[in-house]
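Breakdown of the fold
The chain contents come next:
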Amino acid sequence: MKLSFTSFIGMLAATQQASAFTLTMGTGNSFGRVFRISTWGESHGGGVGVQLDGCPPRIPITRDEIQVDLDRRRPGQSRITTPRNEADAVEILSGLNPEDITLGTPIAMLVRNKDQRSGDYLENDMNVAYRPSHADATYDAKYGVRAIAGGGRSSARETIGRVAAGAIARKILKMYNGIEVLAYVSKVQDIACENVDDDTFTMEDVDANIVRCPDPESAERMLERIDVIRKTGNSIGGVVTCVARNVPAGLGAPVFDKLEADLAKACMSIPAAKGFESGDGFAGTLLSGKDHNDEFYIDPETGATRTKTNRSGGIQGGISNGENIVVHVAFKPTSTIAKAQSTVTRDGQEVELRGKGRHDPCVLPRAVPMVEAMVALTLVDALMCQQAQCELFPNEASQDERPNPMGTTAKREGGPKKNDLAAAGGGPIGLRVDEE
């Protein structure tokens, strides 16, 4: 039996009155639990933007700070990005006082579209034919209607709102514990970067070339490959690596809300993202347990618990361990290309389509600030959840009764604890492990 929409809503209303049932309409445009964003707008509409709710009050943030990240994301930066000419100038509509201090109320930000060319889509075969591997067909299958010009919500312009909110998240992380979130292009097709130290590379190193790879020699080889592909009207993909430094131990939750699970959802929601790895990821499957495990030691200066290696990527058991968080995000080649491809029309006719419009031959350089934004948003949300659940009341147990501080920024009061086991002449501790 099919119900009309009116009957369905009436039934829900009756259920709500009877059992205090509440319905939250989720349509895939919001992200986060406590630090929560909702993005809106289409590629060729009047503009795109975001509403950020849950931002703590009394955070100093200026429009210029947000604009820095938007400038790194915007189109028209170089010959290997889309030539669409947009300033992407952000307007802050609410949530700040005249002194640029957050009020704790929703922050709304808008970027107006200025250089949309809808004729590139509406005055040719792209008006009726689906672009292969693009969201055209699936959006039409889901909604029965689609925004043809620019791809609507499936366009990378949707990420403007994420990057704007991510700039605020970046500021909060820096203020809280000196946390840095930096990403770079680590691979273009089969060309992988080398000689990048995840502990020391800077944003200036990343932005020193148009590929956004902090290894200059590898960046030159990547650029040559992109140019070869670009000149044939084709596109190319690769990998963005993101490193979060100075993240305290304890963020994330067991089972369904593991930190790497939240990071995976965040990064896989970015347009063109097709793969995610945490730490060594799939490469770790080639190692034995002995080789893959990150052995612990006590930092001789801080007394904190550290790991000798970081194959776990800073997350163990779904919870941060205080080491660098390292994730890798794979991006496919851009779907819209200037080469002829077989496809079908909306009414089911087989045709050949050659893409029109302005598109990135390689999404990777502009994906860097997008990945940074989603990682920063995820970490702030996890941090606020941790504060709410586990740090609402201080742990007043004595130092010897608390777990030893863990991570790169942690310090044990009084320095490293005296090794009582070594003093007693004890050897390795034997543990009986009986797990399912």
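Residues numbered from 1 in each chain as written. Predicted model: local features only at pLDDT ≥ 70, side-chain atom pairs only at ≥ 80, totals over all residues. Heavy atoms only, no water.

Of the regular secondary structure elements, the chain holds 11 helices and 16 strands. The 436 residues of the chain split such that 44% are buried. Of the contacts made within the chain by residues no fewer than 6 positions apart, 70% connect residues no fewer than 24 positions apart. Within the structure as shown, the chain displays about 22,900 Å² of accessible surface, and the carbon and sulfur contribution to it stands at 52%. (Helix = DSSP H or I, 4+ residues; strand = E, 2+ residues; numbered from the N terminus. Buried < 20%, exposed > 50% of the residue type's maximum accessible area, 1.4 Å probe, protein only. Contact = heavy atoms within 4.5 Å. Areas by Shrake-Rupley, 256 points an atom, 1.4 Å probe, with all protein chains shown as cover.)

Another point: the pattern of salt bridges. All chains considered together, the criterion is met by 27 salt bridges. The partner of arginine 131 in a salt bridge is aspartate 136, and the shortest N-O contact between them spans 2.9 Å. The salt bridge partner of arginine 306 is aspartate 299, with a shortest N-O separation of 3.5 Å. The pair formed by arginine 306 and aspartate 299 is uniform in burial state, with each residue classed as buried. (Salt bridge = Lys/Arg side-chain N within 4 Å of Asp/Glu carboxyl O.)

This part covers the confidence of the model for the chain. Of the residues in the chain, 84% have a pLDDT of 70 or more, and the chain-wide mean is 88. Low pLDDT (under 50) marks residues 12-25, which in the prediction has 6 contacts with non-local residues, meaning those over four places away or in another chain. (pLDDT = per-residue confidence, 0-100.)

To continue, consider unusual backbone geometry. Positive phi values are uncommon outside glycine, yet glutamine 189 reaches one of about 50 degrees. Structurally, the position occupied by glutamine 189 is in the loop between strand 6 (180-188) and strand 7 (191-192). Accessibility expressed as a relative area gives 39% for glutamine 189, which makes it partly exposed.

Taken as a whole, this structure holds 2 aromatic pairs when the rule is applied. On the basis of an interplanar angle of 65 degrees and a centroid distance of 6.0 Å, the ring pair of tyrosine 139 and tyrosine 143 is categorised as edge-to-face. Within this pair, tyrosine 139 and its partner tyrosine 143 are both found in helix 4 (residues 136-143), separated by 4 residues, close to a single helical turn. Residue tyrosine 139 is classed as partly exposed on the basis of its relative accessible area of 28%. Of the residues examined, tyrosine 143 reaches a relative accessible area of 49% and is grouped as partly exposed. Ring centres of tyrosine 184 and phenylalanine 201 lie 4.9 Å apart, and the angle between their planes is 75 degrees; on these two criteria the pair is classed as edge-to-face. Pair noted here: tyrosine 184 is in strand 6 and phenylalanine 201 is in the loop between strand 7 and helix 6 (203-206), with a separation of 17 residues, a long-range link. (Phe/Tyr/Trp six-rings, centres within 6.5 Å; stacked < 30°, edge-to-face > 60°.)

Another point: the side chain of threonine 345. The residue threonine 345 is located in the loop between strand 15 (340-344) and strand 16 (350-354) in this model. A relative accessible area of 10% means that threonine 345 is categorised as buried.

This part takes up the packing of helix 5 (residues 159-177) against helix 10 (residues 364-390). Where helix 5 meets helix 10, the axes come as close as 7 Å, and the angle between the chain directions of the two elements is 50 degrees. As far as their axial angle goes, helix 10 and helix 5 are oblique. Crossing of helix 5 over helix 10 shows left-handed handedness. When helix 5 is examined against helix 10, the residues Thr159, Arg162, Val163, Ala165, Gly166, Ala169, Arg170, Ile172, Leu173 and Tyr176 are found in contact with a partner set consisting of Pro369, Met370, Glu372, Ala373, Met374, Ala376, Leu377, Leu379, Val380, Leu383 and Gln387. Classifying every residue of the contact of helix 5 with helix 10 gives 15 nonpolar, 3 polar and 3 charged. (Axes fitted to C-alpha atoms, helices over the stretch in contact; angles between N-to-C directions. Parallel < 35°, antiparallel > 145°, perpendicular 65-115°, else oblique. Left-handed = near helix turned anticlockwise from the far one by under 90°. Nonpolar A, V, L, I, M, F, W, Y, C, P; charged D, E, K, R; others polar.)

A few words on the environment of isoleucine 107. Tracing the backbone shows isoleucine 107 in strand 5 (residues 107-112). Aside from chain neighbours lying at most four places away, what touches isoleucine 107 is Val50, Gln51, Leu52, Cys55, Ile92, Ser94, Gly95, Leu96, Thr102 and Ile168.

This brings us to the sheet that holds strand 5. Reading across the sheet, the 5 strands line up as 1-2-3-5-4 and stay open at both edges, with antiparallel pairing between neighbours. One side of each edge strand has no neighbouring strand; the edge strands of this open sheet are strand 1 (30-31) and strand 4 (90-92). Relative to the sheet, helix 5 contacts strand 2 (36-41), strand 3 (47-53) and strand 5, its axis offset from that of strand 3 by approximately 40 degrees. (Pairing = 2+ DSSP bridges.)

A few words now on the sheet that holds strand 8 (residues 238-245). The strand order across the open sheet built from 5 strands is 7-6-8-14-9, with neighbouring strands paired in antiparallel fashion. Both outer strands of the open sheet, strand 7 and strand 9 (273-278), are each paired with one neighbouring strand and no more. Pairing of strand 9 with strand 14 (residues 325-331) involves 5 bridges; the strand directions are antiparallel. By the bridge assignment for strand 14, glutamate 277 is matched with histidine 328. Lying over the sheet, helix 8 (residues 259-268) contacts strand 9 and strand 14, oriented at roughly 160 degrees with respect to strand 9.

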